[in-house]
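What follows is the residue order along each chain.
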Amino acid sequence: MMNSQPTPLLCITTLFLLLLTTSTTSSADPEPLQDFCVADLQSTTTINGFPCKPASQVTSDDFFFSGFTNEANTSSNDFGSFVTPGNVEAFPGLNTLGISMNRVDIAPGGINPPHHHPRASEAGVVVQGQVLVGFVTTAGVYHSRVLAASEMFVIPRGLVHFQLNVGIEKAILITSFNSQLPGSVVAPLALFAAEPSVPDRVLARSFLVGEDVVRSIKAKFR
């Protein structure tokens, strides 16, 4: 009997097709006015996005990206995770297309900590491992599920969410966004590692703890 379970490759392919077919109607970015606008990342012109590279300088390489082929080093930070971006800054061919993707590697017990994307909704698929995916609504309702390989999830735009590896092997996810540059505000870093620093008394009052506790947490991010 044939296995009816979808493979990670099939789920990733579905994710790509969904991303492409919906980008023109649901993109968080302005619609393109030409076939392509490969980002000129070296331009000194400041606009909402990136200027186009002259068409005469565009090559086939501008439309292909190999950044997800390499395994990431999840021991490079205390969270035990690493996000490899496939946004316009890494893949200039995405400029004006309103789409991007990330590869997320998470070590056993590691976490992609609570964060939000201010400019995009997110859809993702677990390629390998077991991952607890959760998000919190603006009404304070927490939604979560443990996902295995080939299972997908969606995070509405702007909501705080996380991915925690609850399995015994490394987890890999591929996530997609309806923005070429969705942005990411990582809650613990934004609150406890900002420069200049958020005042201790602000955080102490917000979390109902003493300022000594705040200073102790901040020290972990130095």
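Structure shown above.
Structure report, in brief. As the structure is a prediction and not an experimental result, all values here were calculated from the model. (Residues numbered from 1 in each chain as written. Predicted model: local features only at pLDDT ≥ 70, side-chain atom pairs only at ≥ 80, totals over all residues. Heavy atoms only, no water.)

**What about the packing of aromatic side chains?**
What characterises a pair of aromatic rings is the spacing of the ring centres plus the angle enclosed by the ring planes. Summed over the entire model, instances satisfying the criterion amount to six aromatic pairs. When the ring of F79 is compared with that of F221, the centres are 6.4 Å apart and the planes differ by 45 degrees; the resulting orientation is tilted. Taken together, the positions of F79 in the loop between α1 (8–26) and β1 (81–86) and F221 in the segment after α4 (211–220) put the pair 142 residues apart, joining distant regions of the chain. Taking the relative accessible area as the measure of exposure, F221 reaches 29% and is therefore partly exposed. Taking 5.9 Å as the distance between ring centres and 35 degrees as the angle between the ring planes, the aromatic pair formed by F192 and F207 counts as tilted. In this pair, F192 is assigned in helix α2 (residues 187–192) and F207 in helix α3 (residues 200–207), connecting sequence segments 15 residues apart. Judged by relative accessible area, which is 12%, F192 ranks as buried. Connected via pairs of aromatic rings, a cluster forms that spans F65, F68 and F91. (Phe/Tyr/Trp six-rings, centres within 6.5 Å; stacked < 30°, edge-to-face > 60°. Helix = DSSP H or I, 4+ residues; strand = E, 2+ residues; numbered from the N terminus. Buried < 20%, exposed > 50% of the residue type's maximum accessible area, 1.4 Å probe, protein only.)

**Examining unusual backbone geometry**
Geometrically, the link from E195 to P196 is a cis peptide bond, its omega value of -10 degrees lying close to zero. Topologically, P196 is positioned in the loop between α2 and α3. Positioned with a positive phi, T96 is a non-glycine residue whose angle comes to about 75 degrees. Tracing the backbone shows T96 in the loop between β1 and β2 (100–106). On the basis of relative accessibility, which here comes to 18%, the residue T96 falls in the buried class. Although it is not a glycine, L208 adopts a positive phi angle of roughly 60 degrees.

**As for the state of the cysteines**
What the rule picks out here adds up to one disulfide. C37 shares a disulfide with C52; S-S distance 1.8 Å. Looking down the S-S bond of the C37 and C52 bridge, the torsion is -105 degrees, so its handedness is left-handed. Placement of C37 in the loop between α1 and β1 and of C52 in the loop between α1 and β1 is noted, with a sequence separation of 15 residues between them. (Disulfide = S-S within 2.5 Å.)

**Notes on the pattern of salt bridges**
When the charged atoms of two side chains lie near each other, side chains of opposite charge can form a pair. Tallying each qualifying case throughout the model produces seven salt bridges. Linking D105 and K170 is a salt bridge whose minimum nitrogen-to-oxygen distance equals 3.0 Å. Of this pair, D105 sits in strand β2 while K170 sits in the loop between β8 (160–165) and β9 (171–177); the two residues are 65 residues apart in sequence, bridging distant segments of the chain. A relative accessible area of 16% means that K170 is categorised as buried. A salt bridge links E211 to R215; the shortest N-O distance between them is 3.7 Å. Of this pair, E211 and R215 both sit in helix α4, four residues apart, which is roughly one turn of that helix. For E211, a relative accessible area of 35% corresponds to the partly exposed category. In this structure R215 comes out as partly exposed when scored by relative accessible area, which is 41%. A cluster of three or more residues bridged by salt bridges with shared partners is formed by E71, R103, D105 and K170. (Salt bridge = Lys/Arg side-chain N within 4 Å of Asp/Glu carboxyl O.)

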